[in-house]
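Structure assessment
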Amino acid sequence: MKPSAFLVNVGRAATIQEMPLYEALTSGHLRGFGTGFWWRYEFGRTFPIGWGSRLEIQRLPKVICSAREARNADDLLERSIERGIQNLIEFAAGQQLTREVNLEPG
């Protein structure tokens, strides 16, 4: 990317490697970074458990971030309730659930 580029992550954090991103931001090879998603670490690797980067990318200048606040989007609560009700109706009727969670992958 050009040094004038501002990288915006709208996907999952794992699509971007943490150390190269940190190096690009601190060396001036990347102008800035924006995200609402952060890397997840295995239990016991960070304390306290929370959001952010081990390298504290969220504290760098020219970094814009949120702590997964997309849940506050307009009408999200209403849509979630409607989908939950739909699942309950399908379950009570003995139908296949439209939004069934597959527990096989773990």
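Residues numbered from 1 in each chain as written. Predicted model: local features only at pLDDT ≥ 70, side-chain atom pairs only at ≥ 80, totals over all residues. Heavy atoms only, no water.

Topic: the overall build of the chain
Helix and strand content of the chain: two helices and three strands. Counting from the amino terminus, the chain carries its helices and strands in the arrangement β-α-β-β-α. Looking at the chain as a whole, 25% of its 106 residues are labelled buried. Of all intrachain contacts in the chain linking residues separated by at least 6 positions in sequence, the fraction that spans at least 24 positions is 56%. Entry remark: accessible area of the chain is about 8,500 Å², with carbon and sulfur atoms responsible for 56%. (Helix = DSSP H or I, 4+ residues; strand = E, 2+ residues; numbered from the N terminus. Buried < 20%, exposed > 50% of the residue type's maximum accessible area, 1.4 Å probe, protein only. Contact = heavy atoms within 4.5 Å. Areas by Shrake-Rupley, 256 points an atom, 1.4 Å probe, with all protein chains shown as cover.)

Notes on unusual backbone geometry
Excluding glycine, a negative phi dihedral is what most residues carry, and trans is how most peptide bonds are arranged. The backbone of Glu56 sits at a positive phi, close to 55°, despite the residue not being glycine. By the element assignment, Glu56 lies in the loop between strand E2 (32-35) and strand E3 (63-65).

Here's the deal with the pairing of strand E1 (residues 6-9)
Burial along E1 is one-sided: the residues Leu7 and Asn9 are buried and none of Phe6 and Val8 is. Two strands pair when backbone bridges link them, and E1 and E2 are joined in this way by four bridges, in the parallel orientation. Its bridge partner lying in E2, Asn9 is registered against Thr35. (Pairing = 2+ DSSP bridges.)

Some points on the confidence of the model for the chain
Here the chain shows a mean pLDDT of 80. Residues at 70 or above account for 77%. When the elements of the chain are averaged for pLDDT, E3 gives the smallest value, 86, and helix H1 (residues 18-27) the largest, 93. (pLDDT = per-residue confidence, 0-100.)

A word on the nonpolar core
One finds Ala5, Leu7, Ile16, Leu21, Ala24, Leu25, Leu30, Phe33, Ile57, Leu60 and Val63 forming the largest nonpolar core, which totals eleven residues. With near-sequence residues (within four places) excluded, Val63 lies in contact with Leu25, Phe33, Ile57 and Gln58. (Core = buried A, V, L, I, M, F, W, Y, C linked by side-chain atoms within 4.5 Å.)

Structural notes on the pairing of E2
The alternating pattern of E2 places Gly32 and Gly34 and Phe33 and Thr35 on opposite faces, both of which are buried. The pairing of E2 with E3 spans three bridges and is parallel. Of the residues in E3, the one forming a bridge with Phe33 is Val63.

A word on the sheet that holds E2
If you trace the three strands from one edge of the open sheet to the other, you get E1-E2-E3, paired in parallel fashion. The open sheet has two edge strands, E1 and E3, and neither has a second partner. Within this sheet the neighbouring strands show an average axis-to-axis angle of 10°, counted without direction. (Axes fitted to C-alpha atoms, helices over the stretch in contact; angles between N-to-C directions.)

Details of helix H2 (residues 76-92)
For H2, with 17 residues, the first-to-last C-alpha span of 24 Å sits near the 24 Å given by 1.5 Å per residue. Positioned one or two residues after H2, Gly94 has a phi angle of 75°, which is positive. (Expected span 1.5 Å × (residues − 1).)

Quick notes on a nonpolar patch on the surface
Side chains of Phe6, Val8, Val10 and Ile64 sit close together on the surface and give an oily, nonpolar patch of about 420 Å² of accessible area. Position of Val10 relative to the elements: it lies in the loop between E1 and H1. Val10 sits in the exposed class, given a relative accessible area of 71%. (Patch = residues over 30% accessible without salt bridge, like charges linked within 9 Å, V, L, I, M, F, W, Y side chains within 5 Å. Salt bridge = Lys/Arg side-chain N within 4 Å of Asp/Glu carboxyl O.)

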